[in-house]
Amino acid sequence: MQAVRIENLKKAYGETVAVDGISLNVTQGQIYGLLGPNGAGKTTTMRCLCTLTAPDSGLIEVAGVREVRAIRNQLGYVAQEVALDKVLTGRELLAFQAALYHIPPRQIRDRIDSVLDLLQLEPYADKLSGTYSGGLKKRLDLAAGLLHQPSVLVLDEPTVGLDIQSRIAIWEFLRKLRASGVTVLISSHYLEEIDALADRVAIIDRGKIIAEGTTNELKAKVGGDRITIRIREFAERHEAEHAQKILQQLPIVQSITINSAQGNAVNLFVTPDANAISEIQNMLAAVDISVFSLSQSRPSLDDVFLAATGQTILDAEIAQSETIAATKGKKKR
Ligand SMILES: Nc1ncnc2c1ncn2[C@@H]1O[C@H](COP(=O)(O)OP(=O)(O)OP(=O)(O)O)[C@@H](O)[C@H]1O
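Since we're looking at a predicted model, the values are computed, not measured.

Asker: Teacher, can you tell me more about helix α5 (residues 134-146) here?
Answerer: An α-helix turns once per 3.6 residues; consequently, residues spaced three or four apart project the same way. When the terminal C-alpha atoms of α5 are compared, their 19 Å separation across 13 residues agrees well with the 18 Å that a helix rising 1.5 Å per residue should span. In terms of residue burial, α5 counts as a mostly covered element, since eleven of its 13 residues are buried. Listed as buried for α5 are Leu-136, Lys-137, Lys-138, Arg-139, Leu-140, Asp-141, Leu-142, Ala-143, Ala-144, Gly-145 and Leu-146. Looking at the buried positions of α5, the neighbouring elements they touch are β5 (75-78), α3 (90-100), α4 (105-118), β6 (152-156) and α6 (164-179).

Below is the structure:
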């Protein structure tokens, strides 16, 4: 049975199309990643799945059930913002959540002890949650999401703003959860997070899935190696375009894009070839283009995004924030 099935989900807010026909299948016991820039539609997809936002159309099924109440019993949702009442202790907060989830009163104590243990929160359980560090708050949020023993845990950007140690602790916890059979759906715009955790990934851009598969499958599809050339530390766009024109003539070059977020670096995908670097260097030297730096790497998930959209995730985020700023500016006038 599929843990999560979403078919042709659509949701618009006025003229903004947040989700534009997303379909997903998540097998039980997997960590499934939704990767995409801010504003791609990840939160809206998750909120629709968790029955917190009504979709305009599309089908949602969780562990074989479609009815709102039944879906809620199967799902735990941990939102992007930590939603804690600071004047309660961790334990009191969990007790409050347990009542919201209609957990039978006789079971509440055991359930709370069990999630506190699972997230190694016992030493902090009787301290006010307002005094917790960011990592502890997130762990308490995760504990609350697991109180009713959901078969699917949905996490929206669970490590945003956390330091690296707290992030790694949460990654380890999620792997343990998977080993116990819980399905985890996680959204992130951190490439390394999805790379480290997800069995499968859907890459989302502007409300649509642009690539789906295991991380290895997706990287393999991109093909050859990536070579990044910087003509100068911060090159002008026209300098990068000149190099692009020259390098396009090389048969080993599969595609070339210019990355403005990286000082107009020139990104190439080339067929794997031991002489690729020297061929490129010779070609540029022949037309007197000097090179500030040159690096070669295996494809990353960002390359998958780049190959599908023509821009990196960071570029897409910059473009999205510029669109929002422009819309706000228009409204003010
Ligand atoms: N309640 C809302 N009202 C109006 N527009 C919304 C609302 N929620 C989301 N949007 C818009 O829908 C689009 C998708 O947003 P969404 O939050 O789903 O993306 P995201 O990939 O989760 O990004 P983020 O990580 O920034 O939340 C964006 O353009 C956003 O501005």
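Asker: What should I look at first to understand the packing of α3 against α4 in this one?
Answerer: Each pair of packed helices can be summarised by the angle the axes make with each other and by the distance between the axes. Close contact between α3 and α4 brings their axes to 10 Å; oriented N to C, the two are set at 125°. Judged by the angle between their axes, α3 and α4 are oblique. Of the two elements, α3 crosses α4, and the hand of that crossing is right-handed. Every residue of α4 that contacts α3 at Arg-91, Leu-94, Ala-95 and Ala-98 is listed here: Ile-108, Arg-111, Ile-112 and Val-115.

Asker: Help me understand the site of the ligand in this model?
Answerer: Taken together, the residues surrounding the ligand are Tyr-13, Thr-16, Ala-18, Gly-36, Asn-38, Gly-39, Ala-40, Gly-41, Lys-42, Thr-43, Thr-44 and Glu-157. Among the elements of the structure, β2 (16-27) and α1 (42-49) are those that each provide at least two residues to the shell around the ligand. The greatest single-element share of the shell around the ligand, amounting to three residues, is contributed by α1. In the shell around the ligand, the residues fall into three nonpolar, seven polar and two charged.

Calculation rules
Residues numbered from 1 in each chain as written. Predicted model: local features only at pLDDT ≥ 70, side-chain atom pairs only at ≥ 80, totals over all residues. Helix = DSSP H or I, 4+ residues; strand = E, 2+ residues; numbered from the N terminus. Expected span 1.5 Å × (residues − 1). Buried ≥ 20, exposed ≤ 12 C-beta atoms within 10 Å, placed from the backbone. Contact = placed C-beta atoms within 7 Å. Axes fitted to C-alpha atoms, helices over the stretch in contact; angles between N-to-C directions. Parallel < 35°, antiparallel > 145°, perpendicular 65-115°, else oblique. Left-handed = near helix turned anticlockwise from the far one by under 90°. Near = placed C-beta within 6 Å. Nonpolar A, V, L, I, M, F, W, Y, C, P; charged D, E, K, R; others polar.

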